[in-house]
Amino acid sequence: MPSSSLNGGLGLNTVPNARMDQTGTARFHISTLDPYMHVNLGFQLADPLYVNIRQTAEISDLNDKAKHLYPGLDVKLRLLKERAHTPAITLGLQSASGHKQMGAEYLAFSKRYKSFDFTGGIGWGRMGSAGHYSNPLKELHPHFEKDRPLSGEWPNGTEDWFTGDKIGLFGGVEYFTPIKGISLKADWGADRYATETAYDTPAPWSVGINYAPKDWINLGGAVIGGEKIMAQISLNSLVQNWPFKKEKSLQPTPLLPNRPNKTHALNIALDAQKEGLRIEGKTLSLSSPDISLPYHLGQAARHIANHTAANEEEIALQPTLYGLHGPSIKLIRRDLEQALLHHQGSPQELWHNASFDKGKQTAQKSGFLPARWPLPYIILDTQASLSEEETGVLYRTSLLSGQTIELPYGFLSATEFRLNIKDNLDRLHEFRPRALLPVRSDADHFAQNTISMDRLYMSWTNTIIPDVHTAITAGYLEEMYAGLGGEVLYRPFGKRFAIGAELWEAFRRDPTTSLAQGLNGDHLLTGHINAYYEFPENDLTLSAKIGRYLAEDLGASLSLSHKFKNGAKLEGFVTATNNADYDLFGGTTHLYNGVRLNVPLSSIKYVPKGSAIQFTTAPFGRDTGQSLDNPLPLYELTEPFSMRHIAQNWHDILE
């Protein structure tokens, strides 16, 4: 198995290779090579995309205080998979967004032959400082031959990518020994430490060893040029293997062997209620967007079959959630009996004979069901900016607890409180100015409240026609804003795309008031057009939105997310607007980016539905590129109704 390199991603000792982690891998990495120490948190967001958040400290002695910090966001994109006669090819951006001191770009080529994994590559920027050849991109456009400083107190930007007069060549090999977990690595780098004038630059070769006593840990060391020692440790884990599962109820009621003579609708509803299900006529009301619809469809089908007349051969149900509804799903009763009673069926056979009707609504709802009062959920929320130039790391940890009450006629009532546990946001404005009219740059003021009210709102949701869903919401929408607005989403069943729009009149909350309930008088109109596309081969969702943000800036956002079978969701995002904001280096930037991870906890005994651990890494205190945290995002709420969700989880129907 490939191992990590000096700068965090997979590679040899000091140079990257073209290898990728398995999708869903989270990797924490620390390495040291005089005069730098690197701390990395990386995520394999998708099969071809790795994102690494890196903090580099200039420090020769680990007992000393760092002289300087060089943060950065690194990206590795696979262009071509390895084939029998062609190598894997990746494009890498080191400090794609970050400090210029570590800025570099590269193309890496890797080919496996038996126990040897060979790598070669071309580097620009820091990785091209060896200056082996003239930059070939100069022939395409004069932009690429511009002078490129490799140091300075400003960020590495898109205008710097692949520029410079010269490029460097690097290469090496990793040999996987017969001893399990041990590999030997040798490489020749193209980084000549051109800006570290006081640094005694070693020869560019290195030889090293990597030891992986377990699949989740790598320990490595290398001799660099016969003069320096590199050491590293890397911890990795697959998010989908974390010990959390999707929500499930109690053991389903067994299917009775004999069909009843007549239908007992009341018994269906009462028996289902014991398992937390709500069945009314042909309506199956879900209690959470995190559940597996096929699992609860299988539960409901058992109750219907146990109390429905013998001559009824079809079981039809239409799932609903918070006033929204999906397609009517019909199962053949005999298929269910064959599988559960005689063990002669399978989920595949049920799927083959099932039908989905997104047309005329079949749900028979009185609209008079009593309110549903679930237990309050709990969310451990951690936000961190890992790449600060002066302060190193900024963080904030809070505990959220709330409750969403489903009322009759499609209305919802939601309340959420925040307990601020720990943060160091008092350092937020030590080295950067505070905005006169903050959007989110006064996050430190909100963090000073021991307890605050994040949300308190009323909503009305409805599927007005098949595939078209709406939500109207008013109240305290998120920690920093109250307001009134809504969203509409067109998500055709069985298609890979969806499109919608949202519009909000947002009122700024005052963090100095009790529970941050007061408003400071600032308000604005914000809204976006939203689009979504599913990549089924990689189980990815690409989201895009364009519109007006909370600082009245205009721009667009892109995000790529992956939801794993255990319910965990990993997302990377980037926003660009026409307004500039203070960056990490005292300059300005038009970009805002980060990574989010959400891990559900509802499978743990006695933990209420909707509970989770949330982790977000993104710059703190930004005002531009900020959008309202929609409390009821329709795309997420309608995911249980999608063909993707139903197909991927169909095996749950017989559990």
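Here's what I pulled together on the structure shown here. (Residues numbered from 1 in each chain as written. Predicted model: local features only at pLDDT ≥ 70, side-chain atom pairs only at ≥ 80, totals over all residues. Heavy atoms only, no water.)

Our next topic: a nonpolar patch on the surface. Together, Tyr490, Phe497, Ile499, Ile529, Tyr533, Leu542, Ile546, Leu558, Val574 and Leu591 give the surface a local cluster of nonpolar side chains, amounting to about 840 Å² of exposed area. Looking at the nonpolar patch, the elements that each hand over two or more residues are β27 (497-509), β28 (519-535) and β29 (540-548). Mapped onto the fold, Leu558 is located in strand β30 (residues 554-563). Residue Leu558 is classed as partly exposed on the basis of its relative accessible area, which comes to 45%. (Patch = residues over 30% accessible without salt bridge, like charges linked within 9 Å, V, L, I, M, F, W, Y side chains within 5 Å. Areas by Shrake-Rupley, 256 points an atom, 1.4 Å probe, with all protein chains shown as cover. Salt bridge = Lys/Arg side-chain N within 4 Å of Asp/Glu carboxyl O. Helix = DSSP H or I, 4+ residues; strand = E, 2+ residues; numbered from the N terminus. Buried < 20%, exposed > 50% of the residue type's maximum accessible area, 1.4 Å probe, protein only.)

On to the environment of Thr23. Assignment of secondary structure puts Thr23 in the segment before β1 (25-33). For the pair Thr23 and Leu45, spaced 22 residues apart in sequence, the C-alpha separation works out to 6.2 Å. A distance of 3.1 Å separates a polar atom in the side chain of Thr23 from the backbone nitrogen of Asp47. (Polar contact = N/O pair within 3.5 Å; in protein donor to acceptor, adjacent residues only side chain to side chain.)

Looking now at the nonpolar core. Judged by nonpolar contacts, the single largest core of 42 residues is most densely connected at Leu284 and Trp650. Listing elements by their share of this core, those giving two or more residues are α1 (265-274), α2 (293-306), β17 (314-321), β19 (328-332), α3 (333-341), β23 (411-423) and α6 (634-637). Once residues lying within four places of it in the same chain are set aside, the contact partners of Trp650 are Pro294, Leu297, Leu331, Pro347, Leu350, Trp351, Ala354 and Phe356. The next biggest cluster of nonpolar side chains, apart from the first, holds 20 residues, and it includes Leu73, Leu560, Phe564 and Val599. (Core = buried A, V, L, I, M, F, W, Y, C linked by side-chain atoms within 4.5 Å. Contact = heavy atoms within 4.5 Å.)

The next point concerns the pattern of salt bridges. Close approach of charged atoms allows side chains of opposite charge to pair. Using the criterion set out here, one finds 32 salt bridges in the structure. Of the charged contacts in the structure, one is a salt bridge between Glu479 and Arg418, with a shortest N-O distance of 3.7 Å. Residue Glu479 is found in the loop between β25 (468-476) and β26 (481-490), and its partner Arg418 is found in strand β23; the two are separated by 61 residues along the sequence. Both residues of the pair, Glu479 and Arg418, count as buried. When the shortest N-O distance is used, the salt bridge between Glu534 and Arg491 registers 3.3 Å. One end of the pair, Glu534, is in strand β28; the other, Arg491, is in the loop between β26 and β27, and 43 residues separate them in sequence.

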